[in-house]
Amino acid sequence: MQSLELTLVAGPPGVGKTTWISQFLKDVSRPLFYLYPGSQAESVDLARIGYCFPWVSIIADDRAATVLTDLPDQAQVFMELGFHLDLESPLLAALPGRRIAIVPPGLETSEWHDWADEVIPSNHSQLSSAGKLPALWRSPLTGQVFDPPSLDEVLIELTGGAYGQVMRLKGIFELPDGQAFYIDFVEGLPGIEYTDLKLPRWLEGHPDRFSGVEIVGRNLEQKTIAQTLLACCLADDVLFQYQRQYQQLQSEEETVAEETEQEVMA
């Protein structure tokens with residue numbers, strides 16, 4: 001029988017489920033798999049894992065049943081469970097594996113406590129176990145490139161409550177210098193975190209790789225949010241002008257580097 005290690009991770013939004021899982025995805029000595037049931041085929045979390053850990057196999061929902069029964073020996077599978085999933089569903093209840101709940105400090109009882117084998121306290125989150133669940137809104141942004149100052153301004157407005165209560169915002173955004181950034185906000189934690197995804201610079205037209213945004217909150221003005229974000233995107237002529245400038249700068253930097261290397265070797 002194959003040796004399979006399955007870890008299921010659940011908890012409220014913004015507690016760091018993906019971050020907790022990511023610390024184990026650095027191990028390249030064994031086959032690693034990641035599954036986020038109920039997520040769209042192209043979601044921020046799936047894309048982020050794929051970009052940061054290209055050696056990890058992402059399991060799509062429609063292939064989960066087949067893949068999980070035919071994994072290589074010593075495989076390790078991490079299954080991230082969104083806050084909107086029913087932990088008592090027959091499908092989840094039937095899955096063998098280690099159950100980890102990540103919860104905010106101070107939350108002593110919840111459905112996650114009842115479900116888990118191990119409870120791990122995380123960073124602060126405003127979500128309690130009581131009341132109606134918040135809404136989850138997603139929007140793909142693939143091909144869109146953002147004006148950095150305009151994007152910063154909109155993100156500050158969004159996280160400040162201008163378009164509803166934003167409890168969690170995460171997204172992948174493309175900038176005109178060809179870089180892609182992962183942007184993360186959790187209500188109750190200071191600031192908005194920007195992380196360079198270390199992808200190849202895209203300086204030829206509109207990027208043909210996933211970008212998008214996901215927001216968890218209450219009373220979200222979804223149409224206004226979508227329109228406001230799109231208003232931050234660069235028009236084609238402006239984008240192409242930026243890209244020509246960055247291409248020229250990149251070429252000059254490469255020339256200087258080559259000349260320096262030749263001088264060192266001479």
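Residues numbered from 1 in each chain as written. Predicted model: local features only at pLDDT ≥ 70, side-chain atom pairs only at ≥ 80, totals over all residues. Heavy atoms only, no water.

### A look at the overall build of the protein
How we decide: To qualify as a helix, a DSSP run of H or I must reach at least 4 residues; to qualify as a strand, a run of E must reach at least 2; elements of each kind are numbered from the N terminus. Only protein chains enter the accessibility calculation, which uses a 1.4 Å probe. A residue is then buried if its area is under 20% of the maximum for its type, exposed if over 50%, and partly exposed in between. Contacts were defined at the residue level, with two residues in contact if any of their heavy atoms lie within 4.5 Å. Surface exposure here means Shrake-Rupley accessible area, sampled with a 1.4 Å probe, where a residue is shielded only by the protein chains that are shown. Charge counting follows a simple rule: Lys and Arg are positive, Asp and Glu are negative, and His as well as the terminal groups are ignored. Taken as the charge centre is NZ of Lys, CZ of Arg, CG of Asp or CD of Glu, depending on the residue.
Broken down by element type, the protein carries eight helices and 11 strands. Once the C-alpha set of the protein is aligned to its principal axes, its extents read approximately 65 × 50 × 30 Å. With 266 residues in all, the protein has 47% of them scored as buried. A sequence separation of at least 24 residues applies to 70% of the contacts in the protein between residues at least 6 apart. Here the protein displays about 13,800 Å² of accessible surface, and carbon together with sulfur accounts for 52% of that area. Within the protein, the 39 negative side-chain charges are centred at a point lying 6 Å from the centre of the 17 positive side-chain charges.

### Side note on the nonpolar core
Nonpolar side chains tend to gather and get buried jointly when the protein is soluble and globular. To be explicit about the condition: Residues belong to one nonpolar core when they are buried, are Ala, Val, Leu, Ile, Met, Phe, Trp, Tyr or Cys, and are joined through side-chain atoms within 4.5 Å.
In terms of nonpolar packing, the biggest core is built from 25 residues, with M79, L81 and W112 touching the most fellow members. Broken down by secondary-structure element, the contributors of at least two residues to this core are β1 (4-10), β2 (32-35), α3 (64-68), β4 (75-81), β5 (98-103) and α5 (111-115). In this structure, L81 is in contact with L8, V9, A10, G11, K17, P37, L87, L92 and W115, ignoring residues within four places of it in sequence. Judged by nonpolar contacts, the second largest core, of 22 residues, contains V166, L169, L220 and C232.

### Some details on the domain arrangement of the protein
Interfaces are often described in size by the accessible area the parts lose on coming together. Applied cut-off: Start and end points for every domain follow an automatic or database-based domain assignment. By buried area we mean the combined loss of accessible area, with a 1.4 Å probe, across both parts when two parts are placed together. Here a salt bridge means any side-chain nitrogen of Lys or Arg lying within 4 Å of a carboxyl oxygen belonging to Asp or Glu. Polar contact is defined as a pair of N or O atoms within 3.5 Å, subject to the rule that within protein one atom must be able to donate a hydrogen and the other to accept it, and that residues adjacent in sequence are counted only when both atoms are side-chain atoms. Ten residue types, Ala, Val, Leu, Ile, Met, Phe, Trp, Tyr, Cys and Pro, are classed as nonpolar, four, Asp, Glu, Lys and Arg, as charged, and the remainder, Gly among them, as polar.
The assigned domain composition of the protein is domain 1 (5-121) and domain 2 (135-246). The gap between the C-alpha centroids of domain 1 and domain 2 is 25 Å. The interface is formed by 14 residues belonging to domain 1 together with 16 residues belonging to domain 2. It is G14, V44 and Y51 that lose the most area in domain 1 upon contact with domain 2, and together they represent 44% of the buried surface on that side. Between D45 and K170 there is a salt bridge, with its nearest N and O atoms 2.6 Å apart. At the boundary of domain 1 with domain 2, the tally comes to four residue pairs in polar contact (both at pLDDT 80 or more). Across the side of domain 1 that touches domain 2, the residue classes break down as six nonpolar, five polar and three charged.

### Here's the deal with the pairing of strand β9 (residues 180-186)
The cut-off we apply is this: Paired strands, as defined in this entry, are two strands with at least two bridges between them according to DSSP.
Summarising burial for β9: seven of the seven residues are buried, a large majority. Across seven bridges, strand β8 (residues 165-174) lies against β9 in antiparallel orientation. Its bridge partner being in β9, G171 is matched across the sheet by I183. Connecting β8 to the next strand, β9, in antiparallel fashion are five residues, including G178 with a positive phi near 90°. Where β9 and strand β10 (residues 193-196) come together, four bridges link them in antiparallel fashion. Following the sheet pairing, D184 is matched in β10 by E193. Between β9 and the antiparallel strand that follows it, β10, lie six residues; G188 among them carries a positive phi value of about 100°.

### Observations concerning the UniProt feature "domain: CobW C-terminal" (unreviewed entry) in the protein
Rules: UniProt positions are given in the numbering used here, feature names are shortened, and annotations may be inferred rather than shown by experiment.
The residues that UniProt annotates with the feature "domain: CobW C-terminal" (unreviewed entry) are residues 144-232. End C-alpha atoms of residues 144-232 are separated by 9 Å, and the span's content is 24% helix alongside 31% strand.

### Describing the confidence of the model for the protein
The line we're drawing: Residue-level confidence of the predictor, termed pLDDT, takes values from 0 up to 100.
Mean pLDDT over the protein works out to 88, with 94% of the residues at or above the 70 mark. Considering each helix and strand of the protein separately, the mean pLDDT is smallest for α3, with a value of 76, and largest for helix α6 (residues 148-159), with 97.

### A closer look at the state of the cysteines
Under the convention used in this document: We call a pair of cysteine sulfur atoms a disulfide whenever their separation is within 2.5 Å.
Throughout the structure, instances matching the rule amount to zero disulfides. Take C233: it sits in no disulfide, and the sulfur closest to it among the cysteines is that of C232, at 6.8 Å.

### Details of the sheet that holds strand β6 (residues 118-121)
Here six strands make up an open sheet; going across it, the order is β3-β2-β4-β1-β5-β6 and the pairing parallel. Where the open sheet ends on each side, the last strands, each with one partner, are β3 (57-58) and β6. With two bridges connecting them, β2 and β3 associate as parallel partners. Bridge pairing in β3 links Y34 to I58.

### What to know about the packing of aromatic side chains
Heads up, the condition is: Only centres within 6.5 Å qualify two rings of Phe, Tyr or Trp (six-membered ring in Trp) as a pair; their planes then separate them into stacked at under 30 degrees, edge-to-face at over 60, and tilted for everything else. We call a charge positioned above a ring when the Lys NZ or Arg CZ atom is no farther than 6 Å from the ring centre and deviates by at most 35 degrees from the ring normal.
Under the counting rule described, the total for this entry stands at five aromatic pairs. Ring geometry for F53 and W55: centres 5.8 Å apart, planes at 80°, overall edge-to-face. For F53, a relative accessible area of 10% translates into the label buried. A residue is classified by how much of its surface remains accessible, and W55, at 42% relative accessible area, is partly exposed. Aromatic side chains F146 and F173 sit 5.2 Å apart centroid to centroid with 80° between the ring planes, which places their arrangement in the edge-to-face category. In this pair, F146 sits in the loop between β7 (135-140) and α6 while F173 sits in strand β8, placing the two residues 27 residues apart along the sequence. Members of the aromatic cluster, each reached through a chain of ring pairs, are W20, F24 and F78. Here R48 stacks its cationic end above the ring of Y182, 4.2 Å away from the centre of that ring.

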